[in-house]
Amino acid sequence: MSVPIIEVAGLTRRFGGVPAVTEVSFTCARQEILGIIGPNGAGKTTLFNLITGSIPATAGQIHFDGRDITGSSPDQVARLGMIRTFQAATIFRHETVRENLRRGALFGHIGRPSWLLRGSVREASRAARERAEELIDFLGLVDCAEQEGGNLPYGRQKILGLGIALAARPKQLLMDEPAAGLNPAETREMGELIERIRAEFGIGVVLVEHDVAMVCRTCSRIIVLNYGKLIANASPDEIRSNPEVIEAYLGGDVEDA
Amino acid sequence: MRLAAAVLILVGLAAWPFIYDQPFYVHMGVMMGLWVALALSMNLMLRIGQLSFAHGAFMGLGAYASALATMRLGIPFPIAFLSGGLAAASVAALVGPIFLRIRGVYFALLTFAFGEVVVLTFVEWVEVFGGNNGLFGIPKPSLFGLQMTSRPAFYLFALTFAVLSFIAVRAIYNSQFGAVITSIDDNEMLTRSIGIDAPRYRLAAFCFSAALAGWSGAFYAHYLTFISPEAFGFWTPVNMVVINVLGGIASPWGPVVGALLLVPLPEILRDAKEYQVLSYGILLMIFLLFLPDGLVGLARRWRGRWRAARSAEGRSAAGLEQGKREKRAAA
Amino acid sequence: MTAPWPAVLPHCCAGRHMLLAQILSNGLMTGLVYVLMALGFTLIFGVMRIVNFAHGELYMLGGFATLILFGNLGWNYYLTVVVAAFGVGLFGVLLQSLLLKHFIGRELSGMIMALAIAITLQAGANIIFGPEEQSVPRPVTGVLDLGAAVVPYDRLVVGGFTLVILAAFWFFLQFTRWGLAMRAVTQDSEMAAVQGVRPGFIHPLAFGIGSLLAGGAGALMAPIYTIYSYMGELPMLKAFVVVILGGLGSIPGAVLGGLLLGLVESFFATMYSTTVATMIGFALVIVILIFRPRGLLGRTA
């Protein structure tokens, strides 16, 4: 296997002295689908926000695609090719599906106002329109391409949210609870979509998820967090029989397991 | 066809003072041009979702900068005028990175305090700004040695300034820049997650808005040839907001319509200034309560209704269904 | 303090002490009025999330009520203050239920609606009472000589009245059911709603009490300053500053911020000029908003 695309080393974050994530280290290979699970309050979301630069780390390093991205802002991380999606359907509600996707494809090129003056903007803008059409087909949104995003059913809004991220041509996707708010059929569809994204675009995915069954179905490897610490890093089968993981889920809030 | 109509209207707008040279009406035309530009600068701020009370100060900075540049440094008018806007934009660029981190009510209060500090500086630093008495004898604009003295000439200047401001702001809204700032206002988290450096975009909008206010101030100074700090206090940005609310915030036409309607009001009710202010207040309340999209919004709704009446009837049922779905999605 | 003393002052210790005492007493007296204004302002924001730009106009209404009742009709001054305060309070309830209640949770429109009310009231007063500055006789005259400082009796009356109002307000918040409900809403409106606090009742009540405090302040200050339609602008600016110092929506913050601003201003006004004092106030606002946006005592997000 080649050099990992994400390398997290000793990542720590404290909120006013209270540790939320402690000394977490893991790597993620290219084109891997890696799941992150853990009981409520285990630090999954914090870990996610640390990797994407939404909040600064107290200690530790993050490397992405051979570059040290520790301390980078979310937009810098995004422009390097690591794009995240959100737990709730996060789209531009008042714009059409097509425009949503176009923005996803274009905004990386015009990250700063001064970049609007570059000659390549016209070319990027044309490419963004094409990319939007491509994704409308890929995601099966042809029949609603001209509808306002906010008028779509929730499941489709989540798919559109993923589409915006995909439009930005990421090297790596980070997905925050892709199945949250979806019914079982939609959850299955989402899982298949993630697999298709890897197969057709060669994009690896790190996903945080509550739905353990979905993670085990979709991911080739799973890491488990508890109280901000990494307690397991293994294949789905091994995870299911890991006593420490069972303890974490049964000992804490059982509601999610 | 539309272009021809626009040209015809513009020619008409430009020509009337030369045919009907009534000082009072021409003056009103000049003030309308000024307030169109000022209201457009506030529209940019409202577009990024921030209510700024610092815009009176930015106007003042432009006015004093241009006036002092011509009076004290003998800089030719065109350069002084340009430097007025740049002075305001530079101050905005200086304070913006800090101010723009703050949102909503707090931003409004922060800019309010900043505006007061700037105006108090004009009052207190008498040697430079002339204190409460302000500056007298600011030279009238001149270009290539020709001084602009006639009122219609001023009116042409004002008209050009307003039209250029409008074109610039509209171009911004229709450009990729416009798409970015609407995206940021709509959903900043998402916009940043796909690679937009939101603080810089917000700063750019803030600086451009300040520059527009600064140029308006410079124009105001050289038109009246007299400025004093009180013109740049709290009520100036409030007026800009009033114009926007009445005209409608969602389109650059809003500030234009608002200014054209509101600026003549003081003149119509000239003998009773209190009634003018009273009608401002009452109009504002009525619009906020019943016409939150302003006059432009109202016009659009009427046009939409007219179109809807002509198209198929079945759409209303589809719309209802859509509303239901939306509710379910939100739940 | 290392600030330079003006050269005109005698460089003896007694002079400095006297000056300091005077600064303190002046600062305390103005500070108390600031507290009165700021408390209402912060209460309204805390409960309804509306920045009440019309707060100064409520103060102005209190002033004009004094002009009519005490100045023209010759009522007893203390009765006038009480009636003016409650009258303005009732007016506030009306304003809230007719106009402002539609703007709860809409910060931008809410601010603009409050501005519209301010503009309308100011112009209305201008039309009814004319633009001239008017005055009423002082109900008490003379000064209290404390040796180190002199305090005019009328300021003392204002201070005393303010303390009574503050005590009543504190009692209301601490010990009455409505007061407790109101505090609950300022602390966490969602939790309060869950526990059955009805906004339909608490909102007009809060706006009414805020108006009452502003009207009371206006009535109290009317004999000391002049009465005219713009008289509320300055007190509102002060309320702004105070409330930001203390944290928007924080009641203890308003008390602390008011006294602090009164003292700071009194110091700079004595040492330099009132403009410098005002500027310092606004500069403090900017600094605090940048470094501690929720104010000195405000909650962190």
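Note that the structure is a prediction, hence the values are computed from the model and not measured. (Residues numbered from 1 in each chain as written. Chains lettered and ligands numbered in written order. Predicted model: local features only at pLDDT ≥ 70, side-chain atom pairs only at ≥ 80, totals over all residues. Heavy atoms only, no water.)

Asker: When you look at the environment of Gly 105 of chain C in this model, what are you seeing that I'm missing?
Answerer: Residue and element names in this part refer to chain C. The residue Gly 105 is located in the loop between helix H3 (77-98) and helix H4 (107-129) in this model. On the basis of relative accessibility, which here comes to 64%, the residue Gly 105 falls in the exposed class. As for Gly 105 and Met 60, which are separated by 45 residues in sequence, their C-alpha atoms are 27 Å apart. (Helix = DSSP H or I, 4+ residues; strand = E, 2+ residues; numbered from the N terminus. Buried < 20%, exposed > 50% of the residue type's maximum accessible area, 1.4 Å probe, protein only.)

Asker: I tried to follow the interface of chain B and chain A on my own but got confused; where do I start?
Answerer: Size of an interface, as often reported, equals the accessible area lost when the parts are brought together. The partner chain A presents 32 residues to the 24 residues of chain B that form the contact. Of the roughly 2,500 Å² buried at the junction of chain B and chain A (both faces included), carbon and sulfur atoms supply 61%. Run the count over chain B and chain A and you get two salt bridges. Among the salt bridges present, the one from Arg 112 of chain A reaches Asp 197 of chain B, with a minimum N-O distance of 2.9 Å. Counting across the chain B and chain A interface gives eight residue pairs in polar contact (both at pLDDT 80 or more). (Contact = heavy atoms within 4.5 Å. Buried area = accessible area lost by both parts, 1.4 Å probe. Salt bridge = Lys/Arg side-chain N within 4 Å of Asp/Glu carboxyl O. Polar contact = N/O pair within 3.5 Å; in protein donor to acceptor, adjacent residues only side chain to side chain.)

Asker: Looking at this model, I keep getting lost on the sheet that holds strand E5 (residues 67-68) of chain A. Mind explaining?
Answerer: What links the strands of a sheet is backbone hydrogen bonding, and the strands pair in either a parallel or an antiparallel sense. Residue and element names in this part refer to chain A. A sheet is described by the order of its strands in space; here four strands give the open sequence E2-E1-E4-E5, paired in antiparallel fashion. Strand pairing shows two members of the sheet lacking a second neighbour, strand E2 (18-28) and E5, which therefore form its edges. Of the strand pairs in this sheet, strand E4 (residues 59-64) and E5 are connected by two bridges, and their pairing is antiparallel. Within E5, the position partnered with His 63 by the bridge is Asp 68. (Pairing = 2+ DSSP bridges.)

Asker: Would you explain the sheet that holds strand E10 (residues 229-234) of chain A in this entry?
Answerer: Residues and elements named next belong to chain A. Taken together, six strands build an open sheet; the order of strands is E6-E7-E8-E3-E9-E10 and the sheet is mixed. Taken across any chain shown, the strands that pair with only one partner, and hence form the sheet edges, are strand E6 (82-85) and E10. Each adjacent strand pair in this sheet contributes to an overall mean axis angle of 15°, direction not counted. (Axes fitted to C-alpha atoms, helices over the stretch in contact; angles between N-to-C directions.)

Asker: What's the story with the arrangement of the chains in this structure? I'm lost.
Answerer: Summarising the chain contacts, two pairs of chains touch, and the pair with the most contacts is chains B and C. When C-alpha atoms are compared, chain A and chain C, though not in contact, are closest at a spacing of 12 Å.

Asker: I keep staring at the layout of surface pockets and nothing clicks. Help me out?
Answerer: Regions of empty space are outlined by a rolling probe, equal in size to a water molecule, passed over the atoms. All names here are of chain B. In this structure, the second largest pocket encloses a volume near 920 Å³. Around the second largest pocket, the lining is made up of 26 residues, and of these Leu 10, Leu 13, Val 163, Phe 166 and Trp 253 lie nearest the centre. Counting residues per element, the ones that place at least two in the lining of the second largest pocket are helix H1 (2-19), helix H2 (23-47), helix H7 (151-174) and helix H12 (253-262). For the lining of the second largest pocket, the element with the most residues is H7, which contributes nine residues. (1 Å grid on protein atoms, 1.4 Å probe; cavity = no way out; pocket = protein on both sides within 12 Å on 5 of 7 lines; lining within 4 Å. Points joined across faces, edges and corners; volume = space filled by probe spheres on them.)

Asker: Please explain the nonpolar core as it appears in this structure.
Answerer: A general tendency of soluble globular proteins is for nonpolar side chains to be buried together. Formed by 260 residues in total, the largest nonpolar core has its most connected members in Phe 58 and Ile 227 of chain B together with Phe 53 and Met 182 of chain C. When residues of this core are assigned to their parent elements, the largest contribution, 16 residues, is made by H2 of chain B. In this view, Phe 53 of chain C contacts Phe 53 and Phe 234 of chain B together with Met 111, Ala 114, Leu 115, Ala 118, Met 236 and Phe 240 of chain C; residues no more than four positions away in its chain are not counted. One finds Val 21, Phe 26, Leu 50 and Ile 223 of chain A within the second-largest nonpolar core, a separate group that totals 25 residues. (Core = buried A, V, L, I, M, F, W, Y, C linked by side-chain atoms within 4.5 Å.)

Asker: Explanation requested: the packing of helix H3 (residues 55-71) of chain B against helix H11 (residues 235-247) of chain B in the structure shown.
Answerer: Describing two packed helices takes the angle between their axes plus the distance from one axis to the other. All names here are of chain B. As a packed pair, H3 and H11 sit with axes 7 Å apart at the nearest point and diverge in direction by 115°. Considering their axes alone, H3 and H11 lie roughly perpendicular with respect to each other. Residues His 55, Gly 56 and Met 59 of H3 pack against Thr 236, Pro 237 and Met 240 of H11. Along the lines of polarity and charge, the residues of the contact of H3 with H11 split into three nonpolar, three polar and no charged. (Parallel < 35°, antiparallel > 145°, perpendicular 65-115°, else oblique. Nonpolar A, V, L, I, M, F, W, Y, C, P; charged D, E, K, R; others polar.)

Asker: Whenever I open this one, the interface of chain B and chain C confuses me. Can you help?
Answerer: The interface is formed by 37 residues belonging to chain B together with 40 residues belonging to chain C. Taking both partners together, chain B and chain C bury about 3,600 Å²; carbon and sulfur atoms supply 86% of that area. If you look at where chain B meets chain C, you find zero salt bridges. In this structure, the connection of chain B to chain C is made through two residue pairs in polar contact (both at pLDDT 80 or more). The set of elements that each furnish at least two residues to the side of chain B that touches chain C consists of helix H4 (77-99), helix H5 (104-124), H11 and helix H14 (273-290) of chain B. The dominant element in the side of chain B that touches chain C, judged by the number of residues it contributes, is H5 of chain B, at 14 residues. Taken together, the residues that form the side of chain B that touches chain C break down as 30 nonpolar, three polar and four charged.

On their own, these measurements won't tell you what the molecule is for.
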